[in-house]
Amino acid sequence: MEEELEAPLIHHHHPSTSYNPQDRDEEEQEEQEEENSPIEQVALTVPITDDPTEPVLTFRMWVLGTASCALLSFLNQFFWYRKEPLSITAISAQIAVVPLGKLMAATISTRVFFKGSKWEFSFNPGPFNMKEHVLITIFANSGAGTVYAIHVITAVRVFYKQHITFFVSLLVVLTTQVLGFGWAGIFRRYLVEPATMWWPYNLVQVSLFRALHEKEERIKGGLTRNQFFMVAFISSFAYYIFPGYLFQMLTSLSWICWIFPHSVLAQQLGSGLNGLGIGAVGLDWSTISSYLGSPLASPWFATANVAAGFVLIMYVIAPISYWSNLYNAKTFPIFSDGLFTGSGHEYNISSIIDSDFHLDVKAYEKNGPLYLSTFFVVTYGVGFASLTATLMHVFLFHGREIWQLSKSAFQEKKMDVHTKLMSKYKQVPESWFVCILIANIALTIFACEYYIDQLQLPWWGVLLACALAFFFTLPIGIITATTNQTPGLNIITEYIMGYIYPGRPVANMCFKVYGYISMSQALTFLQDFKLGHYMKIPPRTMFMAQVVGTLIAGIVYLSTAWWLMDSIPNICDKELLSSDSPWTCPSDHVFYDASVIWGLLGPRRIFGDLGSYSAVNWFFLFGAVGPLLVYLAQKMFPNKTWISLINMPVLIGATSMMPPATAVNYTTWIIVGFLSGYVVYNYKRDWWVRHNYVLSGALDAGLAFMAVLIYLGLELEEVSLNWWGNDLDGCPLASCPTAKGIVVDGCPVY
């Protein structure tokens, strides 16, 4: 009993779903506790028992898994084009399938077919168990991750208004998604098996599985985790009617703008959506978690690094750059992802594209150079620095570890309890991953060469993209597995292809998708593998679920996007849409802008000798120096433990989601992350252990269900409310230029 109180989440499993620990040899149990994960959060959250006899590949799992994958794929693509692109995580499905699984277990016949043969099976092999539930969630994860290749299809069809067929689009979507499996298989040894690669986000799901399946005694005057989840879920569901429909200003309460309704300066400082966001807060879970993920799942040291990076860039570098008029900053908005002419007006991109969908150099010279807001330039510089910082950080802090693993020293080292329990199962041979990889690369090269008129990417571009993805998967995987923050690879892929092959926007977008998204997909695959590792799912079963889930997700995502592009007039076109239309596609605008900057014009005309922003290339050097300074400081002051918590790739790359993310997304995320990861974790540890990750899942799920309900019940019927509380942000002057003589509609002229 004392043992249970000391480690509140290392519960003994209920006899009906796992081995009874009392049946085990006591020495073995003690040995396991000694070998438990060196990461405290993992030791407190993940069970150290396993029952290999539990059925996993059941009829229930296939029905609920494929259905949740398809439904989440549809909903996430549906919301992706909207102003606040709500991301419905797998947690929603994880909760929704529990009553369905139990209903199927109670009602479907338990008859056994082909009894006694090796084909023996039953539609209902017994009670709905945790391992089936984990596998259904892995399916749902496939539908919960964004299919980045849809950006390419949207940009070509909606923004450039060019032709691309459904079949070619499907080839691009499926090949980019499946390519990541190959990288994942190669790097499993480094990113799944070591205990130090703990993947913080998985602990949210592990906590939730245990809350939904394990019987626990209610503490006097308290709630069980299941009861707490239901209270938080219903509260989140009911509350979202306010920021989602009745009082949308809760998304960003920019009170400085209300005090100074006619001051451009005050609104630039105070706007949470179009300015620096000083004092702005969002009382809306979608504002908090839509771009940076759940702050409750972020370890405090990572949250602190993001906060330091955000303050440095948003409140030091950006204001100094703007008010010193660096690169004519005052001619453009202080915070914008737009593309501008020298006079501060929007650049007409279609006027510089020729009939072959290449850059018309004469038309570009006639129109004049393209300009960006200074904040947009700074975020690109930060992207350069983040990349070199990631490589230098991994080399300095994880180089020795990677070298030892490469020499297969892993087998000789002491394994933690989870890796030991997983070693009983048949592993997925590396050759499976290699075969998928080779077949997929061959199909990609065929697609790009055969449909070169639509995709513009030559065969060598595919191979170069694959080489980049291979090179960066390990360093970026280590950062994600330890901090829950993922530095983006997109900028370096755009930069390289833009220099080698300028003037072809689709080639640049495809190269970015094959180079960046195959790596991103590999990380999703590895994160799911770690979840399976924690929950003791047979690896071959996991592999099958992920392959099938990814294929379903790709087809549903593309079909949904195609339907929306065909059925919503003027989708993504802010000029032609009504002011209250939600279909503004913020992320697709940023993607399209990037395709113009890097693909159509090429980095040489923006960041090179022909452009205005060549000095930004120095950020590559600054990024490499950052981790070196931390490394040297750590060696010089070994007693200062806080130095080792400085993670330069996370700190420098803090604002990588801006734009489309805005200041209020960050300020509110940091506040909640501080309260959860520092205050509650240090001063109310028992509460944090029991409820933190469960609360994160409940807030996600409540928001998702209410958002879908609002759309189906009210927005489809075009029932809208027009009053000042639905005027998002309320800072109309925040985007005004402040340079002398610049005339922009709705703004004062200086």
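Use the structure listed above.
Novice: Help me understand the overall build of the protein chain in this model?
Specialist: The helix and strand tally for the protein chain stands at 29 helices and 4 strands. By the compact-globule yardstick of 27 Å for 750 residues, the protein chain fits well, its C-alpha radius of gyration being 26 Å. Projected onto its principal axes, the C-alpha coordinates of the protein chain cover approximately 80 × 65 × 60 Å. Of the roughly 31,000 Å² of accessible surface on the protein chain, 63% is carried by carbon and sulfur atoms. For the protein chain, the distance from the average site of its 42 positive side-chain charges to the average site of its 55 negative ones is 3 Å.

Novice: Sorry, what's going on with the nonpolar core here?
Specialist: Here is a general trend for soluble globular proteins: nonpolar side chains tend to be buried in one another's company. Core analysis: the biggest nonpolar cluster contains 216 residues, and Y81, I349 and L370 have the highest contact counts within it. Of all the elements, helix α23 (residues 505–535) adds the most residues to this core, at 18 residues.

Novice: How should I be thinking about the pattern of salt bridges in this particular structure?
Specialist: Any two side chains of opposite charge can pair, given that their charged atoms come close. By the definition in use, this model includes 6 salt bridges. Between E40 and R685 there is a salt bridge; the shortest N-O distance is 2.7 Å. Taken as a pair, E40 in helix α3 (residues 40–45) and R685 in helix α29 (residues 685–715) lie far apart in primary sequence, 645 residues in all. On the accessibility criterion, E40 (39% relative accessible area) is partly exposed. The residue E132 makes a salt bridge to R60 at a minimum N-O spacing of 2.8 Å. Pair noted here: E132 is in helix α6 (residues 130–144) and R60 is in helix α4 (residues 59–80), with a separation of 72 residues, a long-range link. Take E132: its relative accessible area is 0%, and that puts it in the buried class. Here R60 falls in the buried class, since its relative accessible area comes to 0%.

Novice: What exactly am I supposed to notice about helix α21 (residues 459–483) here?
Specialist: Residues three or four positions apart in an α-helix share a direction because the helix packs 3.6 residues into each turn. With 25 residues, α21 extends 36 Å from end C-alpha to end C-alpha; this agrees with the ideal 36 Å at 1.5 Å per step. T473 marks the point of greatest bend in α21, at about 40 degrees, and the proline P475 comes within the next four residues. Positive backbone phi, at 70 degrees, marks N484, one or two positions downstream of α21.

Novice: How do you make sense of the packing of α6 against helix α24 (residues 539–567) when you look at a structure like this?
Specialist: Geometry of a packed helix pair, given as the angle between the helix axes and the separation of the axes. Axis separation between α6 and α24 bottoms out at 8 Å; the angle between their running directions is 35 degrees. Once α6 is placed against α24, the crossing between them reads as right-handed. Contacts between α6 and α24 involve L135, I138, F139, S142, G143 and A144 on the former and, on the latter, T541, M542, A545, Q546, V548, G549, T550, A553 and Y557.

Novice: Is there a simple way to think about the side chain of H213 in this case?
Specialist: Within the secondary structure, H213 sits in helix α9 (residues 202–213). On the basis of relative accessibility, which here comes to 16%, the residue H213 falls in the buried class. Within the structure, the side chain of H213 is placed 2.7 Å from the side chain of H133, a separation counted as a polar contact. When residues no more than four places from it in sequence are discounted, the contact partners of H213 are F128, N129, M130 and H133.

Novice: Any chance you could explain unusual backbone geometry here in plain terms?
Specialist: Across the chain, the bulk of peptide bonds are trans and the bulk of non-glycine residues have phi less than zero. Residues P659 and P660 are joined by a peptide bond in cis, for which omega reads 10 degrees. Looking at the element boundaries, P660 is found in the loop between α27 (648–652) and α28 (663–683). Residue N325 is not a glycine yet carries a positive backbone phi of 60 degrees. Topologically, N325 is positioned in the loop between α15 (300–323) and β3 (339–340). Even without glycine at this site, C572 takes up a positive phi of about 75 degrees. Turning to its location among the elements, C572 is positioned in the loop between α24 and α25 (586–601). Its relative accessible area of 1% is what places C572 among the buried residues.

What counts, and where the lines are drawn
- Residues numbered from 1 in each chain as written.
- Predicted model: local features only at pLDDT ≥ 70, side-chain atom pairs only at ≥ 80, totals over all residues.
- Heavy atoms only, no water.
- Helix = DSSP H or I, 4+ residues; strand = E, 2+ residues; numbered from the N terminus.
- Rg over C-alpha atoms; globule rule 2.2 N^0.38 Å.
- Areas by Shrake-Rupley, 256 points an atom, 1.4 Å probe, with all protein chains shown as cover.
- Lys, Arg positive; Asp, Glu negative; His and termini not counted.
- Charge placed at Lys NZ, Arg CZ, Asp CG, Glu CD.
- Core = buried A, V, L, I, M, F, W, Y, C linked by side-chain atoms within 4.5 Å.
- Buried < 20%, exposed > 50% of the residue type's maximum accessible area, 1.4 Å probe, protein only.
- Salt bridge = Lys/Arg side-chain N within 4 Å of Asp/Glu carboxyl O.
- Expected span 1.5 Å × (residues − 1).
- Bend = angle between axes of the 7 residues up to and from the residue.
- Axes fitted to C-alpha atoms, helices over the stretch in contact; angles between N-to-C directions.
- Left-handed = near helix turned anticlockwise from the far one by under 90°.
- Contact = heavy atoms within 4.5 Å.
- Polar contact = N/O pair within 3.5 Å; in protein donor to acceptor, adjacent residues only side chain to side chain.

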